[in-house]
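The chain contents come next:
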Amino acid sequence: MNDPVVARRPARSGEPGAERGVAAAPHASEAPIPPTPEAPETPKAPHVRPGDRIFRGLATGSGVFIVALIGAIGLFLIVQAIPSLGLDNVNFLTSREWNTSNPEDLRFGILDLLLVTVVVSILALLIAMPIALGIALFLTQYAPRKLARPFAYVIDLLAAVPSIVFGLWGLFVLGPELYPVSQWLVDNLGWFPLFAKGNVNLQLGATVFTAGIVVAVMILPIITAVSREVFERTPTMHVEGAIALGATKWEVVRTTVLPFGKAGYVSASMLGLGRALGETIAVMIILSTATSAFGWSLFDGGATFASKIALAAPEFNDPRSAGAYIAAGLVLFVLTFVVNAIARSIVAGHKEYE
Amino acid sequence: MAKRLDIKDLNLFYGKFHAVENVSLAVPPKNVTAFIGPSGCGKSTVLRSLNRMHEVAPGARVEGKVLLDGEDIYASTVDPVEVRRTIGMVFQRPNPFPTMSIRDNVVAGLRLAGVKDKKKLDEVAERSLRGANLWNEVKDRLDKPGGGLSGGQQQRLCIARAIAVQPDLLLMDEPCSALDPISTLAIEDLITELKKEYTIVIVTHNMQQAARVSDQTAFFNLLGVGQPGQLIEVDDTEKIFSNPGQKATEDYISGRFG
Ligand SMILES: Nc1ncnc2c1ncn2[C@@H]1O[C@H](COP(=O)(O)OP(=O)(O)O)[C@@H](O)[C@H]1O
Ligand SMILES: [Mg+2]
């Protein structure tokens, strides 16, 4: 049955044996390999060393554990939030109202929290990203070795400063110091919604503007540290290739370091954004909760998801009120996931260097 | 365009380490000179001093003169970046810029030198790719990234990039050591052609290759660990391989050493 097929193969692939027709079959490169005569009758299980087994168990266990943990947190949030969401008398996603002091009449919507959270985080990111890029490039490309080390330590130290210290600094030092700047912005660019006169006292500086700057300082170390590590790994052969072509320092950075480090820099920034979204204590201390809704101005007060939840501890004794905050936490959880997913897709889009 | 190279009393250091001692040699224009010798004897170090790449290493230092048509590239008024723009270099591992298209890779050096005219750049890209025997293989995908080519094609792309500026001198550091035999042959043929237009210095660990492509061969050696590498002798390739002047050269070539 099979013979004619085998015989025709060489003809198709144009091998010299083609003209010889059937006779070519035994010489054809595709000739079937005869089964090995000494094949063992009962296949033995491959020997696994105990070290391998233990390590595989540990590694798999850790992987399963972390996934299960995240799943459990999500599940917890959903289970706790659902009853309160059912009792909500306004639309949870589109309402700007937040009143959970009376568990019999829950009125809570996240729109304001979402806007303030996003605006604070984006502002922080817009400030921190270019500065972190500059520092990382300076440390890896320009700074003399003797200076680069201690400088990097100082930046890393920023990450070790407790959140509450940043909060106090923002409230008592930075906020008031910013008054002339914010006043100038309101006076001259007030026609633009972002710089409009806000709903809190500008002189105290308890605004989204101050909070954004403080959070920028807080996420600066992580973005800098990760970008620095990525830039340092630029393959020497590409750097040398650029130098040999007569590239100046900046041209080397532009043609090799930046293209190579772009994906890492974006992920670093997204890590920073993740931290900014969840930053709690500092923002809570700085932002004063305004009486009117957030109006798209940097000089508004307000509350982010995290700061709102942190301020609400007294209400947690009633599960219905607590559920409202857990629902807000759930949205923050999802938001962070979305940010991470976006970061991953950006990174996946830049695979040239792999 | 092809210039004459004269190296005079060159001493090269990495910090306190004296890597290469007292090298003097001359390369006529449109000539291929091969550097051979055991690994660690300083062939790459000498080669990298010829386009001022040596000083990129931290603490690296140069003493002596490197003259291109009589002009010292180490003179105090000379800008190393300018030197590198007129000297081509090809590395051991092919290193096209992975994010750049094939065309952009070829003209990268010209762009750095400030050439913006699109028509000129396209012309140079075609001429250089033809010069590197790569044009027929890539002419339909000039806008695709250079990283997608095979190793041998990438190395020819790097050669195209190096000759795009019509360099005074073309330096190659073991350009075939990461390639398969067929690609190696393609590059050797290419070197033989490039010789008509360029002055070439090539480091190779492959003695047959030195014998096949070069007009002149320089043998470097290391007297001992921690000692500086030395130029033992330099002569016509034929003479070095048939009747070397030094015992050490003969030992190395006949494989009794290193
Ligand atoms: N960047 C560097 N820093 C310090 N020492 C180096 C550096 N590059 C090379 N060397 C040393 O210089 C000597 C010559 O190296 P190299 O020129 O690479 O030799 P070759 O190319 O002949 O194998 C070796 O001892 C090597 O360890
Ligand atoms: Mg070498």
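How each quantity is defined
- Residue positions are counted from 1 within each chain, in the order its sequence is given.
- Chains and ligands are labelled by the order in which they are written, letters from A for the one and numbers from 1 for the other.
- A pLDDT threshold of at least 70 governs which residues receive local features in this predicted model, and a stricter bar of 80 or more applies before side-chain atom pairs are shown or counted, although totals over entire chains, interfaces and linings include all residues.
- No hydrogens and no water enter the side-chain calculation; it runs on all heavy atoms of the structure.
- UniProt positions are given in the numbering used here, feature names are shortened, and annotations may be inferred rather than shown by experiment.
- Helix and strand assignments come from DSSP, with helices taken as H or I runs of at least 4 residues and strands as E runs of at least 2, each series counted from the N terminus.
- Buried residues are those whose accessible area, probed at 1.4 Å on protein chains only, stays under 20% of the maximum for their type, while exposed residues exceed 50% and partly exposed ones sit between those limits.
- The contact criterion used is simple: two residues touch if any of their non-hydrogen atoms lie within 4.5 Å.
- Only the protein chains shown count as cover for residues, and all accessible areas are computed by the Shrake-Rupley method using a 1.4 Å probe.
- Proximity is defined per residue: any heavy atom of the residue falling within 4 Å of a molecule or strand makes that residue near it.
- Within 3.5 Å is the distance limit for a polar contact, defined as a pair of N or O atoms, with the added protein rule that one can donate a hydrogen and the other accept it, and that residues adjacent in sequence qualify only through two side-chain atoms.
- The classification used treats Ala, Val, Leu, Ile, Met, Phe, Trp, Tyr, Cys and Pro as nonpolar, Asp, Glu, Lys and Arg as charged, and all other residues, Gly among them, as polar.
- Put simply, a salt bridge is a Lys or Arg side-chain nitrogen that is within 4 Å of an Asp or Glu carboxyl oxygen.

Going by what an unreviewed UniProt entry lists, chain B is known as Phosphate transport system ATP-binding protein and is assigned to Lentzea jiangxiensis. Listed in UniProt under the heading Function (unreviewed entry), the comment for chain B reads: "Part of the ABC transporter complex PstSACB involved in phosphate import. Responsible for energy coupling to the transport system." Under the UniProt heading Subcellular location (unreviewed entry), the entry covering chain B gives this text: "Cell inner membrane".

Identification of chain A as Phosphate transport system permease protein from Lentzea jiangxiensis is taken from an unreviewed UniProt entry. Check the Subcellular location (unreviewed entry) section of the UniProt entry for chain A; it says "Cell membrane". Recorded under Function (unreviewed entry), the UniProt text for chain A is reproduced unchanged: "Part of the binding-protein-dependent transport system for phosphate; probably responsible for the translocation of the substrate across the membrane."

**Digging into the overall build of chain A**
Across its full length, chain A carries twelve helices and two strands. Along chain A, helices (α) and strands (β) appear in the sequence α-α-β-β-α-α-α-α-α-α-α-α-α-α when read from the amino end. Counting only residues that meet the buried cut, chain A has 41% of its 354 residues in that class. Partitioning the intrachain contacts of chain A with sequence separation of at least 6 by distance along the chain shows that 72% fall at a separation of at least 24. Just so you have it, chain A exposes about 19800 Å², and 67% of that area is on carbon and sulfur atoms.

**Side note on the site of ligand 1**
Residue and element names in this part refer to chain B. Around ligand 1, the surrounding shell consists of Tyr14, Phe17, Ala19, Ser39, Gly40, Cys41, Gly42, Lys43, Ser44, Thr45 and Ala57. Contact distances for ligand 1 include 2.7 Å between an oxygen atom and a backbone N or O atom of Gly40. Here an oxygen atom of ligand 1 sits 3.4 Å away from a polar atom, N or O, in the main chain of Cys41. Notes on ligand 1: free accessible area 560 Å², of which the protein chains cover 59%. Elements that contribute at least two residues to the shell around ligand 1 include exactly strand E2 (17–27) and helix H1 (43–49). Per element, the largest residue contribution to the shell around ligand 1 is three residues, and it comes from H1. A per-class count over the shell around ligand 1 returns five nonpolar, five polar and one charged.

**Description of the UniProt feature "domain: ABC transmembrane type-1" (unreviewed entry) in chain A**
According to UniProt, the feature "domain: ABC transmembrane type-1" (unreviewed entry) maps to residues 114–343 of chain A in the numbering used here. End C-alpha atoms of residues 114–343 of chain A are separated by 20 Å, and the span's content is 74% helix alongside 0% strand.

**Remarks on the side chain of Asn95 of chain B**
On the secondary structure map, Asn95 of chain B appears in the loop between strand E6 (87–90) and helix H3 (102–106). Looking at Asn95 of chain B, its side chain comes within polar contact range of the main-chain oxygen of Met237 of chain A, at 2.7 Å. There is a polar contact of 2.9 Å between the side chain of Asn95 of chain B and the side chain of Arg161 of chain B. Excluding residues within four positions of it along the chain, Asn95 of chain B makes contact with Met237, His238 and Gly241 of chain A together with Cys158 and Arg161 of chain B.

**Here we look at the pattern of salt bridges**
Residues and elements named next belong to chain B. Under the criterion given, the structure shown has 23 salt bridges over all chains. Between Glu63 and Arg61 there is a salt bridge; the shortest N-O distance is 3.2 Å. Classification of Arg61 as partly exposed rests on a relative accessible area of 39%. Here the salt bridges share partners, and the residues they tie into one network are Arg103, Lys118, Asp122 and Asp143.

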